[in-house]
Amino acid sequence: MTDIWTETEAAAATGGEITGSWHASGVSIDSRTVEPGDLFIAIEGENQDGHVWVRDALNKGAAAAMVHAPVEGADPAKLLIVEDTMAGLEALGCAARARMTATVIGVTGSAGKTGCKEAIRHGLAATGASVHASERSYNNHWGVPLTLARTPRDTDFAVFEMGMNHPGEIAHLTAMVRPDVALITTIAAAHMAAFNSLDEIADAKAEIFQSMDAAGTAVIPADLPQTKRLAASARNAGVGRLVTFGADDLATARLICARVRPDRSCVRAMIGEIEAAYCIGLAGEHWVLNSLGVLATIQAAGGDMGLAAPALARIQPMDGRGARVEVNTEAGPFTLIDDSYNANPASMRAALSVLGASETASRGRRVAVLGDMLELGPESAEMHAGLADAVIESGARLVFLCGTDMAGLADRLRGEVEVHHAPDSRTLTPVVMQAIWGGDVVLVKGSLGSRMAVIVEALKSLEAADGLPDVACG
């Protein structure tokens, strides 16, 4: 593997001290997943101090370790000693960005960040370009500089996801990334505990434009109440080009028509001056508009639209983000939609629309299993109860809810559908497992802190079980 860092480059980037010679082919902050040749960075966090695991990382083949103090028993020749390892990680990321010749793309938004980042990566890779992108949802204060520091020298395109839950966070991240093209996926009620309005959320997302210049391109939704606000933020930051996407007649990337199916959507759109017809291998009406933003971003970055657009048909949902799993039991298979990684009102409605479009087998039912949406602030209870119309429109016959704020939705739904509420996901799990039939389509969704993955794993375990009720006995 090609070296990403030499000891002299890393020392120069961080201002650190070295006594030996080494070459690193990767960068890691987790000793459990460190690979031979990695530079291991010992981050000191609230609950863990990476310095404890330095010797373990070196024993696994790490080329060296960045530390802020000598580690007993570790070879001094394999240590890069800095004043602060978190600052050292950021400095390494900034140095990687400074030497980068790749076209750099930044992605943020209230929903769809990870999916759009992956779609951009997938579309650009289909053109034959070398693409480096954030792993999973590495979009925070350590994930962004880590992704930067890992960027190979010969990358053509680099795609970075940036998240936030407070004002100022994206400004800090974008100062490191300095995107050439920046995509905002949407503005919606998320992390409302730190904001008073959607306009404030829009302003925080628009921080992504602050480290761009006249050569940059901002890609924003055309159909939002905050569209003009986002456009003004881009112009005020000095961004040279503005691209919009959506159903609006004046959008740069404009939807002509779409056919939404249970497992994919087919789209006709004008992407700039190019008319494109393509399919997306992801379910839901929200992915129709997301795809316009993805293709507009790829086009703005100089990617080949003729190769990128058809590649969207081959995208598969990620675990926890809409992945569909067929669980085979003796009573027959049921379909599990795993959307358990995160949730806000907008993404919850989108997921419920996917459930509503899903086809059940004979006598099967649509089942919604929903956990609390976190960090929504003082209006959280009403935002949860306000999902009642979306649940009913989804055609869900069984609704299982857990968490404090989901109690309000349970009250709103009683008399409309069969609904069960529990204080947490572990309490709800056995109730859900006993209720599922062969032929059902089951959506599981909630914020990560609601731990809905517990229910996902329990339902998957029915693959080997024989206790699922027979459909005909329902």
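About the cut-offs
Residues numbered from 1 in each chain as written. Predicted model: local features only at pLDDT ≥ 70, side-chain atom pairs only at ≥ 80, totals over all residues. Heavy atoms only, no water. Helix = DSSP H or I, 4+ residues; strand = E, 2+ residues; numbered from the N terminus. Rg over C-alpha atoms; globule rule 2.2 N^0.38 Å. Buried < 20%, exposed > 50% of the residue type's maximum accessible area, 1.4 Å probe, protein only. Contact = heavy atoms within 4.5 Å. Areas by Shrake-Rupley, 256 points an atom, 1.4 Å probe, with all protein chains shown as cover. Lys, Arg positive; Asp, Glu negative; His and termini not counted. Charge placed at Lys NZ, Arg CZ, Asp CG, Glu CD. Phe/Tyr/Trp six-rings, centres within 6.5 Å; stacked < 30°, edge-to-face > 60°. Lys NZ or Arg CZ within 6 Å of the ring centre and 35° of its normal. Core = buried A, V, L, I, M, F, W, Y, C linked by side-chain atoms within 4.5 Å. Pairing = 2+ DSSP bridges.

A few points about the overall build of the protein chain
Counting its secondary structure elements, the protein chain contains 16 helices and 21 strands. Against the globule reference of 23 Å for 474 residues, the protein chain gives a C-alpha radius of gyration of 24 Å, in line with a compact fold. Taking the principal axes of its C-alpha atoms as reference, the protein chain extends roughly 75 × 55 × 45 Å. For the protein chain, buried positions account for 53% of its 474 residues. Taking contacts inside the protein chain between residues at least 6 apart in sequence as the whole, the part at least 24 apart equals 64%. When the accessible surface of the protein chain is split by element, carbon and sulfur atoms take 49% of a total near 19700 Å². Distance from the positive charge centre (37 side chains) to the negative charge centre (58 side chains) of the protein chain: 5 Å.

What about the packing of aromatic side chains?
How two aromatic rings sit relative to each other is given by the distance of their centres and the angle of their planes. Under the criterion given, the structure shown has one aromatic pair. Between Tyr 138 and Trp 142 the ring centres are 5.1 Å apart and the planes differ by 65°, which places this aromatic pair in the edge-to-face class. For Tyr 138, a relative accessible area of 13% gives the class buried. It is Arg 99 that lies over the ring of Trp 5; its NZ or CZ is 4.0 Å from the centre. In this arrangement the basic side chain of Arg 365 is found over the ring face of Trp 437, its NZ or CZ atom lying 3.5 Å from the centre.

Some points on the nonpolar core
If you look at the biggest cluster of nonpolar residues, it comprises 37 residues, and the most contacted ones within it are Ile 105, Ile 120, Ile 271, Tyr 278, Leu 292 and Leu 295. Counting residues per element, this core draws most heavily on helix α9 (residues 286–300), at seven residues. Look past the residues within four positions of Leu 292 in its chain and what remains in contact with it is Phe 245, Gly 246, Ala 253, Arg 254, Leu 255, Ala 269, Ile 271 and Tyr 278. Of all hydrophobic cores here, the second largest spans 32 residues; its members include Leu 148, Met 162, Met 176 and Val 177.

Structural notes on the pairing of strand β4 (residues 38–41)
Successive side chains on a regular strand alternate, one facing one side of the sheet and the next facing the other. Burial of β4 is two-sided: the residues Asp 38 and Phe 40 facing one way and the residues Leu 39 and Ile 41 facing the other way are all buried. The sheet contact formed by strand β3 (residues 26–28) and β4 spans three bridges and is parallel. The residue bridging Gly 26 from the neighbouring strand is Asp 38, located in β4. The pairing of β4 with strand β5 (residues 64–67) spans three bridges and is parallel. The partner of Ile 41 across the bridge, within β5, is Met 66.

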